[in-house]
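Per-entry structural report
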Amino acid sequence: PGGGGTAEGGMGAGIAHIEMLYRTNLLALTGHSASPQYPPNKVLIYDDHLQRTIGELSFRQRVLTTKLRRDRIVVVLRDRVYIYNFSDLALLDKVHTGDNPLGLIGISLDNGGVGGSTAATSSVQRAEDALGVGGTARQRNNNGMVLACPGT
């Protein structure tokens, strides 16, 4: 399934992170702070077959992580997660997670089914808000995605 990594040299000059949609030609690119072409607050959706950018998402903060699924783009900032529809880049949900300086998140690669979709982040704040202290917080957002966070 999906893969991610760091690019160095060549076309990847200035690219901090690349996330591939499964084994397709679609990539999400995020840049370094020193790169004017690929700033760290943007996610560029790049089609390797067409050799061009087909979409762009801009934020006020540095993008820490991007995850791709056939139907969703999940972008993680330090204190929030944005969920977009892949086909038209429409914002589906914005979830405040608390401090997440490493941009840790895991998403289900399943498109939903009976139980909906799942994304998990490391935010202790989310767990405390949803359950009080400890346990695992589960909260269904507006688009049916279940956000889960392990407690401490």
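Residues numbered from 1 in each chain as written. Predicted model: local features only at pLDDT ≥ 70, side-chain atom pairs only at ≥ 80, totals over all residues. Heavy atoms only, no water.

What follows covers the overall build of the protein. Scanning the protein from N- to C-terminus turns up 1 helix and 13 strands. In sequence order, the secondary structure elements of the protein are arranged as β-β-β-β-β-β-β-β-β-β-β-α-β-β. When burial is assessed residue by residue, the protein has 45% of its 152 residues classed as buried. The long-range fraction of contacts in the protein, counting pairs at least 24 apart against all pairs at least 6 apart in sequence, stands at 32%. Accessible surface, the protein as shown: approximately 7900 Å² in total, 49% of it carbon and sulfur. (Helix = DSSP H or I, 4+ residues; strand = E, 2+ residues; numbered from the N terminus. Buried < 20%, exposed > 50% of the residue type's maximum accessible area, 1.4 Å probe, protein only. Contact = heavy atoms within 4.5 Å. Areas by Shrake-Rupley, 256 points an atom, 1.4 Å probe, with all protein chains shown as cover.)

Our next topic: the pattern of salt bridges. Evaluation of the coordinates by the stated rule reveals 5 salt bridges. Taking the shortest distance from any N to any O, the salt bridge between Arg69 and Asp71 comes out at 2.8 Å. Its salt-bridge partner being Asp99, residue Arg78 comes within 2.7 Å of it at the nearest N-O pair. With Arg78 in the loop between strand 7 (72-76) and strand 8 (80-85) and Asp99 in the loop between strand 9 (91-96) and strand 10 (105-107), this residue pair connects regions lying 21 residues apart in the sequence. Among the ionic contacts, a cluster of salt bridges with common partners joins Arg69, Asp71 and Arg72. (Salt bridge = Lys/Arg side-chain N within 4 Å of Asp/Glu carboxyl O.)

In this section: the environment of Gly103. Structurally, the position occupied by Gly103 is in the loop between strand 9 and strand 10. Taking the relative accessible area as the measure of exposure, Gly103 reaches 3% and is therefore buried. For the pair formed by Gly103 and Arg78, sequence separation is 25 residues and the distance between their alpha carbons is 6.2 Å. If we skip the residues at most four places from it in the chain, Gly103 touches Leu64, Thr65 and Val76.

On to the confidence of the model for the protein, then. In this model, the protein carries an average pLDDT of 74, and 63% of its residues clear a pLDDT of 70 or more. Note on residues 1-10: pLDDT is under 50 here. Beyond four places in sequence and across chains, it has 19 contacts. Residue range residues 141-145 is modelled with pLDDT below 50. Its contacts to residues more than four positions away, or to other chains, number 19 contacts. (pLDDT = per-residue confidence, 0-100.)

Counting residues in hydrophobic clusters, the biggest one holds 16 residues, and the most contacted among them are Val43, Leu57, Phe59, Ile73, Val75, Tyr84 and Phe86. Secondary-structure elements contributing two or more residues to this core are strand 3 (26-31), strand 4 (42-47), strand 7 and strand 8. Dropping the residues within four chain positions of it, Phe59 is found in contact with Asn41, Val43, Val75, Leu77, Tyr82 and Tyr84. With 7 residues, the next largest nonpolar core counts Ile15, Leu27, Leu44 and Tyr46 among its residues. (Core = buried A, V, L, I, M, F, W, Y, C linked by side-chain atoms within 4.5 Å.)

Bringing the pairing of strand 2 (residues 15-20) into the picture now. The pairing of strand 2 with strand 3 spans 5 bridges and is classified as antiparallel. Note on strand 3: the bridge partner recorded for His17 is Thr30. From the end of strand 2 to the start of strand 3, which pair antiparallel, there are 5 residues, and Tyr22 there has a positive phi angle of about 50°. (Pairing = 2+ DSSP bridges.)

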